[in-house]
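Architecture and fold: a report
One letter stands for each residue in the lines below.
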Amino acid sequence: MASSPHCSDKPQSMDVVTVLRMKEGISESSYAKNSSLQKKGMDTFKSFVTESATRVYESVKPERFTIAELGCASGPNAFGLVEDAIKSITGNICRGALPEFSVLLNDLPTNDFNAIFSCVPEFAAKLKAETKAEVFLSGVPGSFYGRLFLSRSVHLVCSFASLHWLSQVPPGLSDETNTPLNKGKMFISSTSPPAVPKAYLKQFQRDFGLFLQSRAAEIVPGGAMILSTLGRKNRGYTDGLVDQEKVDAYNAPFYAPSPQEIEEEVRREGSFSLDSVQTFETNLSVTGDAQRDGTMLSMGMRAIQEPMLSHQFGPDIMDALFHKLTEL
């Protein structure tokens, strides 16, 4: 006899691997339909990818060139950096055979890989028509805070707007009586007690160090990584829509590191040298119309945050919560 699941009003713990994902599908609230701001950021990122791809190819000259995109999500942005890298390499080959390209698209297992795979034949055919190159794509589900690929098998690693997501909510965010230290907030803020940013920084250092160690084993000598992460603070917002207890117990697995923190961890881990660390300020206005931009920003945040917020607070408040955000 089937029984209905027991529903509790108590806050639930978060298993990041199973809960963190972009909003799946192609609905109006999906990530695929609400990732224009990410596309805008990727356009800024393009020259780093093309220059690095060409430099690595000219240095190594492999018969098979492997590109890994970590945190690919779903929708049209999943192929953007890959296409730029391949076109850059093939466009600089005047004579001789083109390399074959292997593209490894990675994200957590709950990512909407089906949406990506449905676009693969068209994408590969388009690239072959434009570049004459053979391109083979595959999905690699799993956390990038650990090994994903064969040793010495990847030439270029790209990750755009993903490394600010941590492998877990940091431990140490409650006191000895299990009272939340960051009460009333979902992220680090200027009023968070010192133990909170300290716990988040420690978790970031652990995760990023493991990320670097894993990629060092997978990248070929002479290979390269291009990484981009958010570097700003976010704050939670509530206005009577959810229980205060649930707000107090919710801590997003998110940390926006400073350039100095990134540099220090790269030096500490020791496997990579830094060619460049740069910061860019993103203009959140896409259309120039404040109301339309507010709606697009709210929908974009919903496409990213809804699975985690729904897990913590339940799905019933999502429409009201993001409608409130649109009005801010």
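Rules behind the numbers
Residues numbered from 1 in each chain as written. Predicted model: local features only at pLDDT ≥ 70, side-chain atom pairs only at ≥ 80, totals over all residues. Heavy atoms only, no water. Pairing = 2+ DSSP bridges. Helix = DSSP H or I, 4+ residues; strand = E, 2+ residues; numbered from the N terminus. Axes fitted to C-alpha atoms, helices over the stretch in contact; angles between N-to-C directions. Phe/Tyr/Trp six-rings, centres within 6.5 Å; stacked < 30°, edge-to-face > 60°. Buried < 20%, exposed > 50% of the residue type's maximum accessible area, 1.4 Å probe, protein only. Lys NZ or Arg CZ within 6 Å of the ring centre and 35° of its normal. pLDDT = per-residue confidence, 0-100. Contact = heavy atoms within 4.5 Å. Core = buried A, V, L, I, M, F, W, Y, C linked by side-chain atoms within 4.5 Å. Salt bridge = Lys/Arg side-chain N within 4 Å of Asp/Glu carboxyl O.

Within an unreviewed UniProt entry, the label attached to the protein chain reads Jasmonate O-methyltransferase, and the organism entered is Eragrostis curvula.

1. Describing the sheet that holds strand β3 (residues 135-141)
Read from one edge of the open sheet, 5 strands run β3-β2-β1-β4-β5, paired in parallel fashion. The outermost strands of the open sheet, each flanked by one partner alone, are β3 and β5 (219-228). Recorded for the sheet is a direction-independent mean angle of 15° between the axes of neighbouring strands.

2. Describing the packing of aromatic side chains
Tallied over the entire structure, the rule returns 11 aromatic pairs. Taking the centre distance of 4.9 Å and the plane angle of 85° together, the rings of F144 and Y145 count as edge-to-face. Of the two residues, F144 and Y145, both sit in the buried class. Above the ring of F211, the side-chain terminus of R215 is found at 5.0 Å from the ring centroid.

3. Quick notes on the confidence of the model for the protein chain
Of all residues in the protein chain, 62% attain a pLDDT of 70 or more, and the chain-wide mean is 75. Contacts from residues 232-250, a stretch scored under 50 in pLDDT, to residues over four places away or in other chains number 48 contacts. Here residues 321-328 is modelled with pLDDT under 50, and outside its nearest four sequence neighbours on either side it reaches 16 contacts, counting other chains as well.

4. Looking at the nonpolar core
In this structure, F65, I86, L105, L137 and L156 are the most contacted members of the largest nonpolar core, which totals 34 residues. The leading source of residues in this core is helix α2 (residues 36-60), at 6 residues. Those residues in contact with F65 that sit more than four places away from it in its chain are A53, V56, Y57, I89, P99, E100, F101, S102, H155 and L156. A68, F149, V154 and A199 belong to the second-largest nonpolar core, a separate cluster that totals 25 residues.

5. Regarding the pairing of strand β1 (residues 64-70)
Most of β1 is tucked away, with 6 of its 7 residues classed as buried. Here β1 runs beside strand β4 (residues 154-160); their pairing, made up of 4 bridges, is parallel. Note that in β4 the partner of E69 across the bridge is C158.

6. A word on the pattern of salt bridges
If charged atoms from side chains of opposite charge come close, those side chains can pair. Enumeration according to the criterion identifies 13 salt bridges in this entry. A salt bridge links E83 to K87; the nearest nitrogen and oxygen atoms lie 2.9 Å apart. In this pair, E83 and K87 both sit in helix α3 (residues 80-91), 4 residues apart, roughly one turn of the helix. A relative accessible area of 33% means that K87 is categorised as partly exposed. The closest approach of N and O atoms between E218 and R147, which form a salt bridge, is 3.2 Å. Residue E218 is found in helix α6 (residues 195-218), and its partner R147 is found in the loop between β3 and β4; the two are separated by 71 residues along the sequence. Connected through salt bridges with shared partners, the residues E83, K87, K126 and E130 form a single ionic network.

7. Re the pairing of β4
Of all the 7 residues making up β4, 7 are buried; the element is thus mostly covered by neighbouring parts of the structure. Two elements, β4 and β5, share 6 bridges in a ladder whose sense is parallel. Each bridged residue has a counterpart across the sheet, and for L156 the counterpart in β5 is A224.

8. Section: unusual backbone geometry
Positive phi, close to 70°, is recorded for K132, a residue that is not glycine. Structurally, K132 is set in the loop between α5 (120-131) and β3. Look at K132 and you get exposed, because its relative accessible area is 63%. Even without glycine at this site, R152 takes up a positive phi of about 50°. Looking at where R152 falls in the secondary structure, it is placed in the loop between β3 and β4. In this structure R152 comes out as partly exposed when scored by relative accessible area, which is 48%.

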